[in-house]
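Architecture and fold: a report
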Number of protein chains: 2
Amino acid sequence: MTSISVTLTGNPQDKPSTVKEMGFGKLFTDHMFMMNYRTGRGWYDPRIVPFGDLSLSPASLCLHYGQTVFEGLKAYCGRDGQVRLFRPDENFNRLNRSNQRLCIPRIDPQFCLEALKQLVTLEKDWVPRQEGASLYIRPFVIATDPKLGVKSGDEYLFIIILSPSGAYYESGLEPVKIYVESNYVRAVRGGMGEAKTGGNYAASLAAQDEAHEQGYSQVMWLDGVEQKYIEEIGAMNAFFLLDGQVVTPGLTGSILAGITRKSVISLLERWGIPVAERRVEAQELVLAYERGLLQEAFCTGTAAVISPIGELKWREHVMTMNGGETGPVARRLYDALTGIQYGTLPDEMGWTVNVCHI
Amino acid sequence: MTSISVTLTGNPQDKPSTVKEMGFGKLFTDHMFMMNYRTGRGWYDPRIVPFGDLSLSPASLCLHYGQTVFEGLKAYCGRDGQVRLFRPDENFNRLNRSNQRLCIPRIDPQFCLEALKQLVTLEKDWVPRQEGASLYIRPFVIATDPKLGVKSGDEYLFIIILSPSGAYYESGLEPVKIYVESNYVRAVRGGMGEAKTGGNYAASLAAQDEAHEQGYSQVMWLDGVEQKYIEEIGAMNAFFLLDGQVVTPGLTGSILAGITRKSVISLLERWGIPVAERRVEAQELVLAYERGLLQEAFCTGTAAVISPIGELKWREHVMTMNGGETGPVARRLYDALTGIQYGTLPDEMGWTVNVCHI
């Protein structure tokens, strides 16, 4: 791959000064990274260019047949002025796994990480310094062949855009209300549930809208085959503290292999808190709850880090966890992860990658 | 809705002169129809404009979370010079059902049909006159909010593009080889299988690529729950002639309600050929085959109309239908449907809509 060409914007935008102004994922920095792919040529023309609209044929494959994948990670600015990424190699490796499921050509993870570091360094003044805020990073790939016809594409765009963002949930680390979805299904084994691709999120919209109408934040997804086993919560992974042991659904193929999920498991193991990846039946939660053993429940994901669950509803069962307050395990995990991400705690696992200094 | 504004191209393209030049879905006419939607305002600014690239934010919802739907239909030019649509009301009604599943606002089917007729009339010289060729019509809706965050959009584009096209399968009404997919799953009940949305097609790409590598045209999809029952073939509906009765999988929610499928059922009923919509087990086909009762198999869809199956493979069973030749029922249906579409047979069902005369 040739080196990355850089075209600077002649029209830099004002940076948001408050977290409120930022919101989440609605403002973008002055530049983006792009490269093209064509069958026979491979990835070519890596470039940093001014952020701006894409010019896409209305027949572009990605607009019709959903051949898209994406990733999400963040750059954090510590009190020490160091800008850090959190396990970015995991994101680019997962992007390749998504690519494989969606018949999209592999990217070079190392090259993409270098490109990302160069882009973030150029945009370092966009990395928010406010506590809890960060620069959200969205790498994605879209098939751009201007042809109608269901087949995997021969032309792709890989793009990274950056968005200075406050917390994903405005309410921060406040427990949310979740209900178990009984009608809609997000993914099934043999499907593409473990890939980070648009269709999985599209499939979730109707259930999410219904949840909001009923005053819930998200739905908890059950497996597509038996509709018994817990899979994900919204677009996050699910954890439960059951009688002193943390359990999370195992990666069966229809569940996204979350990087926060993986990090949470590592931290728990390091702390000597028992943790198991296994099938978790919705019914099991009810039985544990009735015996007073469902101590905590929380979701994990890059956007929210840890999202504690205060209330969980399944059929006629309404379960309140930890008195509707954030539990000690969720709190400890949140503090540890954000401490590592913002550099206030030592990074003993070697998870962060330094990008630049502000 | 206000009337449709028209901006003519100053740069009309050469029209393809041969079917070979056309291919399928790769050339587009000089103009397209577009309108916008915004929450609180509804659909607005319906317009016919020169065909050209869309300008989309790289953060557009449709590029990340798959909130897209589409339709496919054709305009046919008869030997009488009459340009006809085939059951276009069915397409716009189905678009609204897809919209509902994907949390996209309803379109007005009648208005969209009028817009389509106006567009096709403007582009009538693009409607191919060659036998078997047609003007492929692709209405679609994409969510365009320039915001990262999984929620249904507040901004949409509805677009119709037109593509002069030869046969979808270059080999025409020649029997294809199909195998039954045992690993990948296209859709599951509770999912979005009955919606015409990108994610369903994205989910099918890997299996299709594998089928092609093995010398097969397409895969036959089994249900996502038990992986026993036949659902679709590629992106088409499936029909079997079993001991004199035609059977096709019933619409369970994970199967697209094909308009060709519906028309085939009507024609069979009209002809007094028994037809049943019901669950069809892959195992049932093998048992029928072994007893010499699997007489025909074929797929139906707008693009190919009828696609006969010459060979069907499931596990170790390789079944050859009708000596690998197109069977009489498939042939009769193909002739009837194309006869109605091209105006060489009387349209006794009132399925065609006249657009203009060339």
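Only a predicted model underlies this, so the values are computations on that prediction, with no experimental measurement involved.

This part is about the UniProt feature "modified residue: N6-(pyridoxal phosphate)lysine" (unreviewed entry) in chain A. Residues and elements named next belong to chain A. Per the UniProt record, the feature "modified residue: N6-(pyridoxal phosphate)lysine" (unreviewed entry) sits at Lys-196. With respect to the element layout, Lys-196 can be found in the loop between β10 (176-180) and α5 (198-202). Those residues in contact with Lys-196 that lie beyond four places of it in its chain are Thr-68, Val-69, Phe-70, Glu-71, Gly-72, Arg-94, Ser-98, Tyr-201 and Leu-256.

Of the transformation placing chain B onto chain A, the axial shift is 0.0 Å and the rotation is 180 degrees, giving an RMSD of 0.0 Å. Here the symmetry operator amounts to a two-fold rotation axis. Residue B:Gly199 of chain B places its C-alpha closer to the rotation axis than any other residue of that unit, at 1.9 Å. Interface residue correspondence from chain B to chain A reaches 100%, placing this contact among same-surface, isologous pairings.

Among the secondary structure elements, B:Ser163 is positioned in strand β9 (residues 155-165). Setting aside residues no more than four positions away along its own chain, B:Ser163 makes contact with B:Gly25, B:Lys26, B:Leu27, B:Phe28, B:Ser134, B:Leu135 and B:Tyr136.

Below, the discussion takes up the pattern of salt bridges. Residue and element names in this part refer to chain A. Inspection of the entire model under this criterion finds 26 salt bridges over all chains. The shortest N-O distance in the salt bridge between Glu-90 and Lys-262 comes to 2.8 Å. Of the two residues, Glu-90 is situated in helix α3 (residues 88-101) and Lys-262 in helix α7 (residues 259-271); the sequence distance between them amounts to 172 residues. With a relative accessible area of 38%, Lys-262 lands in the partly exposed category. Overlapping salt bridges, with partners in common, bring together Arg-87, Glu-90 and Lys-262 in one network.

Time to look at the packing of aromatic side chains. Residues and elements named next belong to chain B. Considering all chains together, one arrives at 28 aromatic pairs over all chains under this definition. With centroids separated by 6.0 Å and ring planes inclined at 75 degrees, the aromatic side chains of Phe-33 and Phe-158 adopt a geometry described as edge-to-face. Taken as a pair, Phe-33 in strand β2 (residues 31-38) and Phe-158 in strand β9 lie far apart in primary sequence, 125 residues in all. The same class applies to Phe-33 and to Phe-158, which are both buried.

This part takes up the packing of α7(A) against helix α9 (residues 328-342) of chain A. Residue and element names in this part refer to chain A. It is at 11 Å that the axes of α7 and α9 come closest, and there the two elements cross at 110 degrees. By the angle between their directions, the pair α7 and α9 is classed as roughly perpendicular. Where α7 approaches α9, its residues Thr-260, Ser-263, Val-264, Leu-267, Leu-268 and Trp-271 are matched on the opposing element by Val-329, Arg-332, Leu-333, Ala-336 and Leu-337. The residue inventory of the contact of α7 with α9, partitioned by class, reads eight nonpolar, two polar and one charged.

Thresholds applied
Residues numbered from 1 in each chain as written. Chains lettered and ligands numbered in written order. Predicted model: local features only at pLDDT ≥ 70, side-chain atom pairs only at ≥ 80, totals over all residues. Heavy atoms only, no water. UniProt positions renumbered as here; feature names shortened; annotations may be inferred. Helix = DSSP H or I, 4+ residues; strand = E, 2+ residues; numbered from the N terminus. Contact = heavy atoms within 4.5 Å. Least-squares fit on C-alpha atoms with pLDDT ≥ 70 in both. Salt bridge = Lys/Arg side-chain N within 4 Å of Asp/Glu carboxyl O. Buried < 20%, exposed > 50% of the residue type's maximum accessible area, 1.4 Å probe, protein only. Phe/Tyr/Trp six-rings, centres within 6.5 Å; stacked < 30°, edge-to-face > 60°. Axes fitted to C-alpha atoms, helices over the stretch in contact; angles between N-to-C directions. Parallel < 35°, antiparallel > 145°, perpendicular 65-115°, else oblique. Nonpolar A, V, L, I, M, F, W, Y, C, P; charged D, E, K, R; others polar.

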